Amino acid sequence: MEHVNTRAVHAGSKVPESSTSPKVAPIYATSVFSFDRLDLIDEVYLGEKPGYVYTRMRNPGYDMVEEAVASLEGVPHALVFSSGMAAITLGILAAVEAGDKVVSANVLYGGTHTFLKDELPRRGVQAVFVNINDLDEVRGAVSGGTKVLYCETISNPLMEVADLEALAEIAHSAGALLMVDNTFASPVHCRPASFGADVVIHSATKYLNGHSDVTMGALAAEDRSDLHKEYWSRLQSLLSLYGPVPSPIDSWLLLRGIRTLGVRMERHSQNALELAKFLEGHKNVERVFYPGLESSPYHNLGKKYLSSGFGGMLSFEVKGGLEGARRFVDALKMTELVPSLAGVATTVSHPAKTSHRSLTAQEKEACGVRDSLIRVSCGLEHFEDIRLDFSRALDQVK
Ligand SMILES: *Cc1c(COP(=O)(O)O)cnc(C)c1O
């Protein structure tokens, strides 16, 4: 028998044979795959035989979760990344080169805003920020050389709904791709590709996974035109080259999270609508931002683009500025201050101090991120318990 040290290295490394299949696919926690003969390397590289080589290039777990994301968004392709920012940055880089222009909504996730403003110019790409709901302004900005028109379905943190069909038409008439961050809406409430978007991006860290225990990104894309095909092949090589792939364990967790996306979104959205209505009528609340409210200027766009609910995210301005926000947040009991969103528990965040921290005072003012602004991620709790917690904390504001 071999030495115990040798057996420690080799024993138990064969996958057991089975005539039955596991109901849930295994976690392919391996960085590399083995070849049982030399020629198989060529056959796999040339695509003559199916096979995986190296997890930075491909992993079976990625294929499965990508198939799920593509199916949810109703498009042929998807890729998963190590974070939402990896999907956003590589997703944009794959569409541009020096001399090109990106036109983007000015109200955006903070990281996306910083990437466009500070990183793209270093690569010779110009970023122009517009009020995405002013279609004339968008049309004026999208002129020759624009390769990407970028926005969020529901913007962070003011919950403005983008007019996707109109934006797709503007982008396409200029030969640009419409890229939409669909994180807040989730594919349960909105499938941007069905309104003309070419590329749909998710921070899968949020609703797709839904349990605050995975950091991942996903990007789904159309395949109708040569532009789409060129984009897709460039993005695949960038992903393998820069290498921001997720852990196979995380990609397995993401697929598990996706299984309950439908029922989670239903409850998130019900609770958010109830909470928005409650806050709207509260004396210590200045303003509520939620497209599900009939008083919202985005209610009509919300009804057009969002189905079976308006999403689990809302925000509101509390009376008393920063001091009011501090009193409210500090008085919450069940609800925690968490600078992220979309988990099972209701959480609040303070955009001015977290997601939009890197913006200057003028930039914050321009996109409505005030010190009194509280963003809420409505969880899956029984609504009455959420209402009680908010009601008690709001009583401490004045
Ligand atoms: C969180 C978030 C991102 C960034 O995703 P990460 O997974 O944190 O990298 C991008 N867009 C939106 C709308 C987000 O909420």
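Residues numbered from 1 in each chain as written. Predicted model: local features only at pLDDT ≥ 70, side-chain atom pairs only at ≥ 80, totals over all residues. Heavy atoms only, no water.

This paragraph deals with the overall build of the protein chain. The helix and strand tally for the protein chain stands at 15 helices and 12 strands. A compact globule built from 398 residues would reach a C-alpha radius of gyration of about 21 Å, and the protein chain, at 23 Å, matches this within 12%. A total of 398 residues make up the protein chain; the buried ones form 53% of that total. Pairs at least 24 apart in sequence give 72% of the contacts found in the protein chain among residues at least 6 apart. (Helix = DSSP H or I, 4+ residues; strand = E, 2+ residues; numbered from the N terminus. Rg over C-alpha atoms; globule rule 2.2 N^0.38 Å. Buried < 20%, exposed > 50% of the residue type's maximum accessible area, 1.4 Å probe, protein only. Contact = heavy atoms within 4.5 Å.)

Around the ligand, the structure places 13 residues, and the nearest of them are Met85, Asp181, Ser203, Thr205 and Lys206. Backbone polar atom of Met85 to an oxygen atom of the ligand: 2.8 Å apart, as the coordinates give it. Between Asp181 and the ligand, the recorded distance is 2.7 Å, taken from a side-chain N or O atom to a nitrogen atom. For the ligand, whose unbound accessible area comes to 380 Å², protein coverage reaches 91%. (Near = heavy atom within 4 Å. Polar contact = N/O pair within 3.5 Å; in protein donor to acceptor, adjacent residues only side chain to side chain. Areas by Shrake-Rupley, 256 points an atom, 1.4 Å probe, with all protein chains shown as cover.)

Counted according to the given criterion, the structure contains 20 salt bridges. Here Arg58 ties to Asp63 by a salt bridge, and the two come within 2.6 Å at their closest N and O atoms. Residue classification places Arg58 among the partly exposed residues on the basis of a relative accessible area of 26%. Note that Lys147 and Asp100 form a salt bridge whose closest N and O atoms lie 3.1 Å from each other. Taken together, the residues span a long stretch of sequence, with Lys147 in strand S4 (residues 146-152) and Asp100 in the loop between helix H4 (84-93) and strand S2 (101-105) at a distance of 47 residues. Through salt bridges with shared partners, one network takes in Asp36, Arg37, Glu43 and Lys49. (Salt bridge = Lys/Arg side-chain N within 4 Å of Asp/Glu carboxyl O.)

Whenever strands of a sheet pair, they do so through backbone hydrogen bonds, lying parallel or antiparallel. The sheet built from 5 strands is open, its strands ordered S8-S9-S12-S11-S10 with mixed pairing. The strands lining the two open edges of the sheet, one partner per strand, are strand S8 (285-289) and strand S10 (336-337). As paired elements, strand S11 (residues 347-349) and strand S12 (residues 373-377) share 3 bridges and run antiparallel to each other. Note that in S12 the partner of Ser349 across the bridge is Arg375. Lying on the sheet, helix H13 (residues 321-331) is in contact with strand S9 (313-318), S10, S11 and S12; it crosses S9 at an angle near 125 degrees. Across the sheet, helix H15 (residues 383-395) lies against S8, S9, S11 and S12, angled at about 15 degrees from S9, the strand it touches most. (Pairing = 2+ DSSP bridges. Axes fitted to C-alpha atoms, helices over the stretch in contact; angles between N-to-C directions.)

Quick look at helix H11 (residues 261-280) now. Helix length check: H11, at 20 residues, gives a terminal C-alpha distance of 28 Å against a target of 28 Å (1.5 Å per residue), a fit within 8%. Within H11 the residues assigned to the buried category are Leu261, Arg264, Met265, His268, Ser269, Asn271, Ala272, Leu275, Ala276, Phe278 and Leu279. (Expected span 1.5 Å × (residues − 1).)

Before going further, it helps to spend a moment on H15. Here H15 contains 13 residues, and its C-alpha end-to-end distance of 18 Å stays within 8% of the 18 Å for a straight helix at 1.5 Å per residue. Of the residues making up H15, those classed as buried are Phe383, Ile386, Asp389, Phe390, Ser391, Ala393 and Leu394. The elements touched by buried residues of H15 are H11, S8, S9, H13, S11 and S12.

Here we take up the side chain of Ser186. Examined against the element boundaries, Ser186 turns out to sit in helix H8 (residues 186-189). Among the residues examined, Ser186 registers a relative accessible area of 0% and is labelled buried. Once residues lying within four places of it in the same chain are set aside, the contact partners of Ser186 are His202, Tyr207 and Met265.

A few words now on unusual backbone geometry. Residue Pro157 follows Asn156 across a cis peptide bond; omega there is 10 degrees. Even without being a glycine, Ser186 presents a positive backbone phi close to 65 degrees.

Membership of the largest hydrophobic core comes to 117 residues, with the highest contact counts inside it found for Leu275, Leu279, Leu314, Phe316, Phe328 and Phe390. Looking at which element gives the most residues to this core, the answer is H11, with 7 residues. Leaving out residues up to four positions away in the same chain, Phe390 has contacts with Leu275, Phe278, Leu279, Phe316, Phe328, Leu332, Thr335, Thr346, Val348 and Val376. Membership of the second largest hydrophobic core comes to 5 residues, among which are Val107, Ala352, Leu359 and Val369. (Core = buried A, V, L, I, M, F, W, Y, C linked by side-chain atoms within 4.5 Å.)

The next thing to look at is the packing of H11 against H15. Here H11 crosses H15 at 30 degrees, and the two axes come no closer than 10 Å. Taken as axis vectors, H11 and H15 run roughly parallel relative to one another. Judged by the sense of rotation from one axis to the other, the crossing of H11 with H15 is right-handed. Counted together, Asn271, Glu274, Leu275, Phe278 and Leu279 of H11 and Phe383, Ile386, Arg387, Phe390, Ser391 and Leu394 of H15 form the full contact between these two elements. (Parallel < 35°, antiparallel > 145°, perpendicular 65-115°, else oblique. Left-handed = near helix turned anticlockwise from the far one by under 90°.)

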